[in-house]
Amino acid sequence: MLNYLSTKSALFLYKKSAFPSSEKPIYVYGFCLFYSSCFIILSILTISSILNHILDGIYFLLFFILLRTYTGGYHSNTYGGCFIISNLCFLFTYYIAQILLTVPSIPNMVIAFLISVYIYIKCPIINSNHVIPANLIPVYKHRAGILLTMIIFIILFLLITDHLNNLSRMAIATLITVALLIYISTKKGKNK
């Protein structure tokens, strides 16, 4: 269905803009990525609203998308697999966050710091399903470091001030999920 929808969208765009027909596969691929991402986001927001925690879904998407952009990790071979894994990652993160709610601030901060260090040391994971050009590896590493540092300071501020507890625990739980995906990718040998 995703391929059908993407092909139809590319054909519609082709008729409207008359791009060269040799570029049609690029447009189909772009629409596949777009629709796949939209379906995943809508699904996670639907699940989080069913759980009566829509903000947790939004927080997860914010941190997960930012982190995965520069850290890499496990990538599925198919769009369907990506959809299922992404939803399972949200559910895993949501339930880890519920557990973290019972943990005092200092252990949460230590967990966040140690997980961030692990992610930074291992990133970026270059997966055969998501190749990063060699010249961008140092750029991704640098951006991941900046992003992880910002997340740690946000978590530290939120834990110290005892504000937005959901945001801080979802951030820590998302760090755990991303670290797990990195670990799985390195153990399965799917990275280069």
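Provided above is the structure to which this section pertains.
Definitions and cut-offs
- Residues numbered from 1 in each chain as written.
- Predicted model: local features only at pLDDT ≥ 70, side-chain atom pairs only at ≥ 80, totals over all residues.
- Heavy atoms only, no water.
- Helix = DSSP H or I, 4+ residues; strand = E, 2+ residues; numbered from the N terminus.
- Buried < 20%, exposed > 50% of the residue type's maximum accessible area, 1.4 Å probe, protein only.
- Contact = heavy atoms within 4.5 Å.
- Areas by Shrake-Rupley, 256 points an atom, 1.4 Å probe, with all protein chains shown as cover.
- Axes fitted to C-alpha atoms, helices over the stretch in contact; angles between N-to-C directions.
- Parallel < 35°, antiparallel > 145°, perpendicular 65-115°, else oblique.
- Left-handed = near helix turned anticlockwise from the far one by under 90°.
- Nonpolar A, V, L, I, M, F, W, Y, C, P; charged D, E, K, R; others polar.
- Core = buried A, V, L, I, M, F, W, Y, C linked by side-chain atoms within 4.5 Å.

Student: Now, about the overall build of the protein chain: what can you tell me, with residues and values included?
Tutor: In terms of regular secondary structure, the protein chain is built from seven helices and zero strands. Going residue by residue from the N terminus, the α and β elements of the protein chain occur as α-α-α-α-α-α-α. In terms of overall dimensions, the protein chain has C-alpha extents of about 60 × 40 × 30 Å along its principal axes. Relative to its full complement of 192 residues, the protein chain shows a buried share of 39%. A separation threshold of at least 6 residues defines the contact pool for the protein chain, and within that pool the share at least 24 residues apart is 76%. Of the accessible surface of the protein chain, which amounts to about 10,700 Å², a share of 72% is contributed by carbon and sulfur atoms.

Student: Explain the environment of Leu156 to me, using residue names and the numbers behind them.
Tutor: Note on placement: Leu156 falls in helix α6 (residues 137–161). It is 9.2 Å that separates the C-alpha atoms of Leu156 and Ile106, two residues lying 50 residues apart in sequence.

Student: Requested: an account of the packing of helix α3 (residues 54–71) against helix α4 (residues 79–100), with residues and values cited.
Tutor: For the pair α3 and α4, interaxial distance at closest approach is 11 Å and the crossing angle is 115°. Classified by the angle between their axes, α3 and α4 sit roughly perpendicular to one another. The element α3 and its partner α4 pack so that their crossing is right-handed. Here α3 contributes Asp56, Gly57, Phe60 and Phe64 to the contact with α4, which in turn contributes Ser86, Cys89, Phe90, Thr93, Tyr94 and Gln98. Residue composition of the contact of α3 with α4, by class: five nonpolar, four polar and one charged.

Student: So what about the nonpolar core? Which residues, and what values?
Tutor: If you look at the biggest cluster of nonpolar residues, it comprises 37 residues, and the most contacted ones within it are Phe60, Leu67, Ile119, Ile151, Ile155, Ile172 and Leu175. Among the secondary structure elements, those contributing two or more residues to this core are α2 (24–50), α3, α4, α5 (105–122), α6 and α7 (165–188). In contact with Ile172, not counting residues within four places along its chain, are Leu100, Asn108, Ile111, Ala112, Ile155 and Leu159. One finds Leu2, Ala10, Val28 and Cys32 within the second-largest nonpolar core, a separate group that totals five residues.

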